[in-house]
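Okay, here's what each chain looks like letter by letter:
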Amino acid sequence: MKMWLKRWRKPLALLLVLAGFLLYPSVILTEMRVDFEKEDYTAGNHCKVFASPTENLGLDSVKNADKKPGEARFFFWDIRWRDGQTFKRLDPIDYNLDDEIQIRDIAFFINGFYAGELSGEELLASFSPNDQVQMYETDSGSLGLYITGDDSQLLTTDVFREFYKEMAGRYARTGVFYLLPLLLLVWAAAEFYVRKIWRQREGRFFLAVDTLFYIAGLLALVLIVTGAFTGSDLVNPDESEAVYSVQYYITHWKIPDARDLEMAAYSVFGTARLTELDLFYIFAAQIARLFTFEHAVRLFSVLMAAGLFYLIFCSLKKNRWLLAVMFLTPQIWYLYTYCTSDAMDYAVGVLVLYQVARPDSMLQKLCRRGVKKADWWRVLLLGFLFSNIFMSKQNFYVFAIYAFCMLLVDLFTAPAEEKKNRLLSYLWVAGFALIFLGIRYIPELLHYGIHRHRVLVELQEQIAIPKLNPASPPSEQSSAFNLYGKGVTLSELLFHMGLHKTTFRSFVGTYGSLQFPSPDWYVLLMGALYLVYLIGCCGSVLREKGHGERKVKLGLLFFCALVSYALLLYNAWFIDFQAQGRYMVPVLIFAANAAALKPETSRTKWFQLVLGTSAVLSLYSFAVYCIPNIRPPY
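These numbers come from a predicted model, not from an experiment.

**Student:** So what exactly am I meant to see when it comes to the overall build of the protein here?
**Tutor:** A count of helical and extended segments in the protein gives 23 helices and 14 strands. The C-alpha atoms of the protein give 28 Å as radius of gyration, which agrees with the globular expectation for 634 residues (26 Å, within 12%). Taken along its principal axes, the extent of the C-alpha atoms in the protein is 85 × 85 × 55 Å. For the protein, buried positions account for 52% of its 634 residues. Considering only residue pairs separated by 6 or more positions, the protein has 73% of its internal contacts joining residues 24 or more positions apart. Within the structure as shown, the protein displays about 30000 Å² of accessible surface, and the carbon and sulfur contribution to it stands at 64%.

**Student:** Could you clarify how one ought to interpret helix H7 (residues 239-251) in this entry?
**Tutor:** Spanning 13 residues, H7 covers 19 Å between terminal C-alpha atoms, matching the ideal 18 Å at 1.5 Å per step. For H7, the set of buried residues is Glu239, Glu241, Ala242, Val243, Tyr244, Ser245, Val246, Tyr248 and Tyr249. Among the structural elements, helix H8 (280-288) are those in contact with the buried residues of H7.

**Student:** Even after reading the chapter, I still don't get the pattern of salt bridges, so can you show me in this structure?
**Tutor:** Counted under the stated rule, the structure contains 31 salt bridges. The salt bridge involving Lys393 is made with Asp342; its shortest N-O contact spans 2.9 Å. One end of the pair, Lys393, is in the loop between helix H14 (376-387) and helix H15 (398-413); the other, Asp342, is in helix H12 (residues 341-357), and 51 residues separate them in sequence. The exposure classification of Lys393 matches that of Asp342, with both residues buried. Across the salt bridge formed by Asp360 and Arg358, the nearest N and O atoms sit 2.5 Å from each other. Judged by its relative accessible area of 28%, Asp360 is partly exposed. For Arg358, a relative accessible area of 11% translates into the label buried. Linked by salt bridges that have partners in common, Asp238, Arg273, Glu276, Asp342, Lys393 and Arg582 make up one network.

**Student:** Quick question: what am I supposed to make of unusual backbone geometry here?
**Tutor:** For residues other than glycine, phi is negative in most cases, and the peptide bonds are mostly trans. A positive phi angle, near 55 degrees, is found at Asn111, a position not held by glycine. Inspection of the secondary structure assignment puts Asn111 in the loop between strand E7 (100-110) and strand E8 (113-119). Of note, Asn482 is a non-glycine position whose phi angle comes to about 55 degrees, a positive value. By relative accessible area, which is 17% here, Asn482 ends up buried.

**Student:** Help me understand the packing of aromatic side chains in this model?
**Tutor:** For any pair of aromatic rings, geometry is given as the distance between the ring centres together with the angle between the planes. A full pass over the atoms with the stated rule returns 41 aromatic pairs. The residue whose ring lies beneath Lys605 is Phe205, and the NZ or CZ to ring-centre distance is 5.3 Å.

**Student:** Help me understand the pairing of E8 in this model?
**Tutor:** Regular strands place side chains that alternate from one sheet face to the opposite one. Bridge count between E7 and E8: six bridges; the pairing is antiparallel. Residue pairing across strands places Ala107 opposite Glu117, the latter belonging to E8.

**Student:** Just checking my understanding: could you explain the nonpolar core for this structure?
**Tutor:** Generally speaking, a soluble globular protein has its nonpolar side chains buried in company with each other. Counting residues in each nonpolar core, the largest one holds 142 residues, and the members touching the most others are Met326, Phe327, Tyr336, Tyr346, Tyr402 and Tyr533. Top contributing element to this core by residue count: H12, with eleven residues. For Tyr402, the residues in contact, after removing those within four places along its chain, are Val352, Leu353, Val356, Ala357, Leu557, Cys560, Ile589, Phe590 and Asn593. By size, the runner-up hydrophobic cluster in this structure holds 37 residues, among which are Phe76, Ile93, Ile101 and Phe163.

**Student:** How do you make sense of the packing of helix H20 (residues 520-542) against helix H23 (residues 605-630) when you look at a structure like this?
**Tutor:** For any two helices packed against each other, the geometry is given by the interaxial angle and the distance between the axes. For the pair H20 and H23, the least separation of the axes is 10 Å and the interaxial angle reads 155 degrees. Classified by the interaxial angle, the pair formed by H20 and H23 is roughly antiparallel. The hand of the H20/H23 crossing is left-handed. Seen from H20, the contacting residues are Trp521, Tyr522, Leu525, Met526, Leu529, Val532, Tyr533, Gly536 and Cys537; seen from H23, they are Trp606, Phe607, Val610, Leu611, Thr613, Ser614, Leu617, Ser618, Tyr620 and Ser621. Of the residues assigned to the contact of H20 with H23, the class counts are 14 nonpolar, five polar and no charged.

Reading the values: rules and limits
Residues numbered from 1 in each chain as written. Predicted model: local features only at pLDDT ≥ 70, side-chain atom pairs only at ≥ 80, totals over all residues. Heavy atoms only, no water. Helix = DSSP H or I, 4+ residues; strand = E, 2+ residues; numbered from the N terminus. Rg over C-alpha atoms; globule rule 2.2 N^0.38 Å. Buried < 20%, exposed > 50% of the residue type's maximum accessible area, 1.4 Å probe, protein only. Contact = heavy atoms within 4.5 Å. Areas by Shrake-Rupley, 256 points an atom, 1.4 Å probe, with all protein chains shown as cover. Expected span 1.5 Å × (residues − 1). Salt bridge = Lys/Arg side-chain N within 4 Å of Asp/Glu carboxyl O. Phe/Tyr/Trp six-rings, centres within 6.5 Å; stacked < 30°, edge-to-face > 60°. Lys NZ or Arg CZ within 6 Å of the ring centre and 35° of its normal. Pairing = 2+ DSSP bridges. Core = buried A, V, L, I, M, F, W, Y, C linked by side-chain atoms within 4.5 Å. Axes fitted to C-alpha atoms, helices over the stretch in contact; angles between N-to-C directions. Parallel < 35°, antiparallel > 145°, perpendicular 65-115°, else oblique. Left-handed = near helix turned anticlockwise from the far one by under 90°. Nonpolar A, V, L, I, M, F, W, Y, C, P; charged D, E, K, R; others polar.

Structural data, given as structure tokens:
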């Protein structure tokens, strides 16, 4: 019996937890869909729900709508579902409309399962209006609301609470379908730790730091998921345009002509994410279309973050330098909490680094033995990977320069018998990268011919607001727009406008649109850690006798970082002064490669201490100054 219990202890523990939840489900996830009579009703974003487990309605009880034409959706966790007291009231609109709103029905989904709906007389009896809204049943059987003030409220009645209690009671146990995969994820994380870290431990020191990194990675991923599922698109940089683009591809399969887009697709700058070549929006839409909950458009970013952490810890013993791509700054984690193509562009950079810097990567193996017929799928994958560099934002183009420089050094320093294989492998991969890039350009050529750039510039000049319009005279443009045209000199930009201070602060931990900074002491500590990291990586290569190719690569990595910095300066001087550190995240790839130049570097104690301290500080900044601030209310 003891042997049997020991063998099956994990499944038995899982069954006990599931049985406990089935006997007494403690929490449910409620989705509430308000269906308006008019299918093109667009003011659903002004509809709000107040839900709180306590009797007090604070700002944290406000649930904003996930809006669609003719519908408003709300999500909230409910630990008081047994008495129906969590949902307090529905505010149909937050201003004096002096007009009628008609609600056809309100449907409820418990833990993702349809549970019931309110309509007709039952819907009318479920709410009690305040003095700023008149409530009645229309001729069509809908709930009619005539708004007479700017604080209209519909308070829940006993009829609603009885309906909600009975409905929630029938579906509360469906949460087991979500608890099971959650428990399996916890079990998988524990098993992964045992197999990849505990069983492969190399002494107490490395076991301790590896455990620290693993826990930090798990906590960072939990925070990323929290930010992705609770954060608002109103505070994240340019997310509303990215969300629109993903939602477009949920309902469309064709890449659009910029001239046919609705005005909602364009930002105040006159640009639209749907005109970019980046495949992020298409990929994110294919994931989001499988789900109906709020923020499903961010799932692709969350999955990429999980994939990057998996890549790091799966090869931790051989490639400890990969730790630098995710643990040197929490700004990287922030990229994966919201919908932005920067998340995919950075992930592409990490994969390019993995192929270029790892001696036994798919690319390096092909280069040493040459391309065979059986390698056709490897060439396709590598070609697709490198083609994505040229579909990304301009500040990520530096990855192409980086890959070219590193691979060129490998070509010149390769043994004579290997050079031909290496050159042919480069040509094969580059050729397929160009083919994939050409395929992506086909819709662009069909829409615009060879005049794509001219058409997009003309649209930008027509749509952008005057202050942000490149065609406006410099005197009418925003004070931060086109500094060169306003006569600002390069020295003024570099030394008198706070460019470097703001850029560095945002690189190490300023969130939102630069409105949520980390404290000064944190920024100083991170700067000191970066200095130690730089000195350590450079010193380990420069002090080494021989291996001239490593010194050349180190110089080229500095050159690539300088190119990235030059792109930042160009954008700030000629386009828009946005000293945002995310434009400099490509340097993390170069920093990781610097640690990979000499294999012993990433195994030194100073490397573990610097990265470990950075990981802990990053968790502090991310948990205290990012996640709480990007969640409404702000």
